[in-house]
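Summary of the model geometry
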Amino acid sequence: MKISELKTREPIAEIMLEIVSKGETRQFSTEKGSGKVCSCAGKDDSGEEVSVSLWNEQIDQVNEGDKIKITEGWCSEFRGQKQVSTGKKGNLEVV
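Below, the structure is looked at part by part.

Definitions and limits used
Along each chain, the written sequence defines residue order, and numbers are assigned to residues from 1. Note on the predicted model: pLDDT of at least 70 is required for a residue's local features to be given, and 80 or more for side-chain atom pairs to be given and counted; whole-chain, interface and lining totals, by contrast, use all residues. Side-chain calculation: all heavy atoms of the structure are included, whereas hydrogens and water are not. Put simply, buried Ala, Val, Leu, Ile, Met, Phe, Trp, Tyr and Cys residues joined by side-chain atoms within 4.5 Å make one nonpolar core. Burial classification: accessible surface area is computed with a 1.4 Å probe over protein chains only, and a residue below 20% of its type maximum counts as buried, one above 50% as exposed, and the rest as partly exposed. The numbering of helices and of strands both runs from the N terminus, where a helix is a DSSP run of H or I of at least 4 residues and a strand a run of E of at least 2. Pairs of residues are marked as contacts when any of their non-hydrogen atoms sit within 4.5 Å. Polar contact criterion, stated in full: a pair of N or O atoms within 3.5 Å, where within protein one must be able to donate a hydrogen and the other to accept it, and residues adjacent in sequence count only if both atoms are side-chain atoms. The rule for a salt bridge is simple: a side-chain nitrogen of Lys or Arg has to be within 4 Å of a carboxyl oxygen of Asp or Glu. Pairing of aromatic side chains here covers Phe, Tyr and the six-membered ring of Trp, requires ring centres within 6.5 Å, and sorts the geometry by plane angle: under 30 degrees stacked, over 60 edge-to-face, intermediate tilted. Criterion for a disulfide: a pair of cysteine sulfur atoms within 2.5 Å.

With that out of the way, let us pick up the nonpolar core. L6, L17, V52, L54, I68 and V84 are the most contacted members of the largest nonpolar core, which has 18 residues in total. Looking at this core, the elements that each hand over two or more residues are β1 (10-30), β2 (33-43), β3 (49-55) and β4 (67-78). The greatest single-element share of this core, amounting to four residues, is contributed by β1. Setting aside residues no more than four positions away along its own chain, L54 makes contact with K22, K36, V37, C38, C40, I59, V62 and L92.

Attention now moves to the side chain of T86. Summarising the element assignment, T86 is placed in the loop between β5 (81-85) and β6 (91-94). Separated by 3.0 Å, the side chains of T86 and Q58 make a polar contact.

Two side chains of opposite charge can pair, provided their charged atoms sit close to one another. The full count for this structure, using the stated rule, is three salt bridges. Put simply, K2 and D45 hold a salt bridge, and the shortest N to O gap is 2.6 Å. With a gap of 43 residues between them, K2 in the segment before β1 and D45 in the loop between β2 and β3 connect regions that are remote in the sequence. The class of D45 is exposed, set by a relative accessible area of 66%. A salt bridge links K69 to E93, with the shortest nitrogen-to-oxygen separation between them at 3.9 Å.

Applying the stated criterion across every chain yields a total of one aromatic pair. Ring centres of F28 and W55 lie 5.6 Å apart, and the angle between their planes is 90°; this geometry places the pair in the edge-to-face category. Within this pair, whereas F28 is found in strand β1, its partner W55 is found in strand β3, the two being separated by 27 residues in sequence. Since its relative accessible area comes to 28%, F28 is described here as partly exposed.

Inspection of the entire model under this criterion finds zero disulfides. Note on C38: no disulfide assigned, nearest cysteine sulfur contributed by C40 at a separation of 4.2 Å. Residue classification places C40 among the buried residues on the basis of a relative accessible area of 5%.

This is the structure we're talking about:
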């Protein structure tokens, strides 16, 4: 799947991205628990970019310049910008 094919609030079967920048890690706490989240920018082979959300242990697995594959992921929207993540059931792999 390409970034141009992403649709908000829909699953992502598989997408390959290169991480071009990695933001600061933030702590969060909700009724359901707490953890860490980090926003990154990823691009596909067309050069188009999308926001990538990394959660908890994923933050330490991924660095700028890494190529990642997300399978069974999710596309959402935050402040008018599409973002991808592994969602509840997805998988992230550094390739």
